[in-house]
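What follows is the residue order along each chain.
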Amino acid sequence: MSDLDLDLLREWSPASSPSDGVRAEALAQLRASYTAVPGTRRGRGFGRRVAIAAVAATVLLAIAVFAIQRAVDERVDRVKTVAVPNGVLGGGEIGKDPVNILVVGSDARDGSNPEAFGTPAETGRPKSDTMFVLRIDGPSVRALWIPRDLVVGTPGRLINSTFNDGPKGLIDAVRAELGITVDHYVEVDFRGFVKAVDALGGVTISSPGRARDSISGLVLDGPGCARLDGTEALQWVRSRHLEVLRGSEWTDASPHADLDRIQRQQEFFRSFGVRAKAKIGDDPAAAVDVVDSIIPALTVDSRLSKAEILGLVRTVFEMDPNALQAMTIPVTPTADGAHLVLDQPAAAKAVAAFLVVAPPRHADVTGPPSTTRPAPPTPTVPPPPCPEG
Amino acid sequence: MGSAGGDHDGRVIAASIAEPDRFTEIFERHFDAIHTYAARRLGPGPADDVGATVFVEAFSGRARFDTDRPDARPWLYGIATNLVRRHRRAESRRLRAYARSEPARDGEPIDIAPRLDAEAMGPRLAASLSALADRDRDALLLFAWAGLSYDDIATATDVPVGTVRSRIHRARQQLRADLEITDAVRSME
């Protein structure tokens, strides 16, 4: 028998790979099931208890989210605002449109922790050490990290120096360099971060070994999972000079200082989310503590309405932290290796994928084939390897 | 089918019992192939659904996987095949739509290369596939589109390999009759 029939069959319906977006969506569903499905080795009774516990946890979480929203509602008037000139921000509204929120972690401004991070005189103006764009498009939440060592504009300058005169410079740079229109701006003072971690009773991270950073002051005893308090957590996510003990030698564990740190930050935020959900699900009062610690540390653009803040809180607390699609803008080192520039055309493709409108849950068969959409890249960060809760 | 430098599928799945995150490796190794197969059978929309569901179901049933097996593909394609069955109405709608899409050139034997002819033969191919028994169609398409061996198809569909052989043979005979393919034609190329 010839294979002409098989050849025709293969030719008639050629293979085409799924888009990155479809892959990312499927992976998110799979990861969500890691926590939703009870252990299969256990008996049915256990499974049922887990199912009941899961329902109870959902209800508790809903109560907690409600408590958080009420707490936010009562305190929202105390959130500091910064005026951003007309035309700098896009018009997207949280809850109505897909929005891009520029989130910036900034140095403590009052020198409340000078031993660890220097006094304002030493560190100069506040710097944006951590920058990412959070995209909220219906239930889909993505985060695109921007390395602080990225050189932008002509003449070139470090992107975090565009922040020296306030958010406008940074928002303009994000639009000019990345082509992302920022709809809202949120700045989190590191002090608030420390307090929020403490309010959760610490957050667990996975350490590559016995580790230290003599500049940020971090010391970790050994490899594996470690629960960090707020100050340690800040040292961990800000460390650019992490060293790990190998044998009797301290060796450089972040050869790509900025990018390694971003990866730690992405992992950390996921763990933070998992921890926050577990903690406030158990103890709605803790939710109010978290809100109390973060609210004074926030500065938001003056156009962000109270309804939008509440919508943002709901989205963040209701999302599955493991479904967060965290990515980093593709970059490449400059010739001297000291800084980073955008890696084109990969960076432009990543931005297009980041901005793509989330596909509906059940795409119509007769709709456009999924391959014509640019698609979000596969998340770069695995879920935290340490058990939480 | 262990990927370079990694454990084979069975060992990864065994490890994923205690560490669910490890299952992501299985997804990364095989998602594209499974999705591609589902898309060929059902079209892109339902394939997104089936592709994602295969791995969620595989994950929840991972304790039943024989972890001595180095290759998870037959198992995953088996799950996919069951899910495709649930979409059988979508599949037959799709095939019937293709079958109607343009008049088949009745009576003309195939005398040019498949590349040129697959499109022209599309409606007849679709009509023929749609008329096959489900089990025969599953076996044929696991062979032709998923590229599984007879042994793998036997594992995927949980039947003896002899049954697979006869299902594929029957399906191909039918297809060739419907397409009026003869080996004489082949020899003239």
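Keep in mind it's a predicted model, so treat the numbers as computed, not measured.

This next bit is on the overall build of chain B. Looking only at helices and strands, chain B features ten helices and zero strands. The order of α-helices and β-strands along chain B, N terminus first, is α-α-α-α-α-α-α-α-α-α. Contacts spanning at least 24 positions in sequence make up 64% of the contacts within chain B whose residues lie at least 6 apart.

Let's shift gears to the packing of aromatic side chains. Note on aromatic pairs: each is described by the distance of the centres and the angle between the planes. Across all of its chains, the model carries 16 aromatic pairs over all chains by this definition. Ring geometry for Tyr34 of chain A and Phe59 of chain B: centres 4.7 Å apart, planes at 50°, overall tilted. With Tyr34 of chain A in helix H2 (residues 20-36) and Phe59 of chain B in helix H3 (residues 44-60), this residue pair bridges two chains. Classification of Tyr34 of chain A as buried rests on a relative accessible area of 7%. Judged by centre distance (6.4 Å) and plane angle (40°), the rings of Phe268 of chain A and Phe272 of chain A are tilted. With Phe268 of chain A and Phe272 of chain A both in helix H9 (residues 257-282), this residue pair falls four residues apart, about one helical turn.

Residue and element names in this part refer to chain B. At a minimum axis distance of 10 Å, the contact between helix H2 (residues 23-42) and helix H4 (residues 73-86) shows a crossing angle of 40°. Of the possible angle classes, the one that applies to H2 and H4 is oblique. As H2 packs across H4, the resulting crossing turns out to be right-handed. Residues Phe23, Ile26, His30, Ala33, Ile34, Tyr37, Arg41 and Leu42 of H2 touch H4, and the partners they reach there are Arg73, Trp75, Leu76, Tyr77, Ala80, Thr81 and Val84. Considered class by class, the residues forming the contact of H2 with H4 number eleven nonpolar, two polar and two charged.

Our next topic: the nonpolar core. In this structure, Phe23 and Phe55 of chain B are the most contacted members of the largest nonpolar core, which totals 61 residues. In terms of residue count, the dominant contributor to this core is H2 of chain B (nine residues). Once residues within four sequence positions are removed from consideration, Phe23 of chain B is found in contact with Leu30 and Tyr34 of chain A together with Ile13, Ser16, Phe55, Ala58, Phe59, Arg62 and Trp75 of chain B. In terms of nonpolar packing, the next biggest core, distinct from the first, is built from 32 residues, Ile68, Val72, Ala143 and Ile280 of chain A among them.

Moving on, we come to the confidence of the model for chain B. All names here are of chain B. In the predicted model, chain B carries a mean pLDDT of 82, and 83% of its residues have values of at least 70. Contacts of residues 103-116 to residues separated by more than four positions or lying in other chains number 23 contacts, the stretch itself having pLDDT below 50. A low-confidence stretch, residues 184-189 (pLDDT under 50), is modelled with six contacts involving residues beyond four sequence positions or located in other chains. Both scores are given for the predicted complex: the pTM is 0.53, the ipTM 0.84.

A few words on the packing of helix H8 (residues 150-157) of chain B against helix H9 (residues 161-179) of chain B. Residue and element names in this part refer to chain B. For the pair H8 and H9, interaxial distance at closest approach is 8 Å and the crossing angle is 105°. Classed by the angle they form, the pair H8 and H9 counts as roughly perpendicular. Side by side, H8 and H9 meet where Tyr150, Asp151, Ile153, Ala154 and Thr157 of the first sit next to Val161, Val164, Arg165, Arg167 and Ile168 of the second. Tallied by class, residues from the contact of H8 with H9 come to six nonpolar, one polar and three charged.

On to the side chain of Asp9 of chain B. Within the secondary structure, Asp9 of chain B sits in helix H1 (residues 9-18). Within polar-contact distance, the side chain of Asp9 of chain B engages the side chain of His30 of chain B at 2.7 Å.

Moving on to the environment of Asp229 of chain A. Residues and elements named next belong to chain A. When you line up the elements, Asp229 lands in the loop between strand E11 (224-228) and helix H8 (230-238). Residue classification places Asp229 among the partly exposed positions, given a relative accessible area of 37%. Sequence-wise, Asp229 and Val203 are 26 residues apart; in three dimensions their C-alpha atoms are separated by 6.8 Å. Setting aside residues no more than four positions away along its own chain, Asp229 makes contact with Val197, Asp198 and Gly202. Among the polar contacts listed, one links the side chain of Asp229 to the backbone nitrogen of Thr231, at a separation of 3.1 Å.

With that settled, the discussion passes to helix H11 (residues 306-318) of chain A. The end-to-end C-alpha distance of H11 of chain A is 18 Å, a good match for the 18 Å that 13 residues give at a rise of 1.5 Å each. Within the span of H11 of chain A, buried status applies to Glu308, Ile309, Leu310, Gly311, Leu312, Val313 and Phe317 of chain A.

Residues and elements named next belong to chain A. The sheet built from four strands is open, its strands ordered E10-E9-E12-E13 with antiparallel pairing. The sheet is open, and its two edges are formed by strand E10 (218-220) and strand E13 (249-252), each paired on a single side. Strand-to-strand, the axes of this sheet are offset by a mean angle of 25°, without reference to chain direction. The pairing of strand E9 (residues 211-213) with E10 spans three bridges and is antiparallel. When the bridges of E10 are listed, Asp213 appears paired with Leu218.

All names here are of chain A. Here Thr251 is to be found in strand E13. The class for Thr251 is partly exposed, based on a relative accessible area of 27%. Taking the C-alpha atoms as reference points, Thr251 and Ala211, 40 residues apart in sequence, are found 9.3 Å from one another. Beyond its immediate stretch of four places on either side in the chain, Thr251 contacts Leu242, Glu243, Val244 and Arg246.

How each quantity is defined
Residues numbered from 1 in each chain as written. Chains lettered and ligands numbered in written order. Predicted model: local features only at pLDDT ≥ 70, side-chain atom pairs only at ≥ 80, totals over all residues. Heavy atoms only, no water. Helix = DSSP H or I, 4+ residues; strand = E, 2+ residues; numbered from the N terminus. Contact = heavy atoms within 4.5 Å. Phe/Tyr/Trp six-rings, centres within 6.5 Å; stacked < 30°, edge-to-face > 60°. Buried < 20%, exposed > 50% of the residue type's maximum accessible area, 1.4 Å probe, protein only. Axes fitted to C-alpha atoms, helices over the stretch in contact; angles between N-to-C directions. Parallel < 35°, antiparallel > 145°, perpendicular 65-115°, else oblique. Left-handed = near helix turned anticlockwise from the far one by under 90°. Nonpolar A, V, L, I, M, F, W, Y, C, P; charged D, E, K, R; others polar. Core = buried A, V, L, I, M, F, W, Y, C linked by side-chain atoms within 4.5 Å. pLDDT = per-residue confidence, 0-100. Polar contact = N/O pair within 3.5 Å; in protein donor to acceptor, adjacent residues only side chain to side chain. Expected span 1.5 Å × (residues − 1). Pairing = 2+ DSSP bridges.

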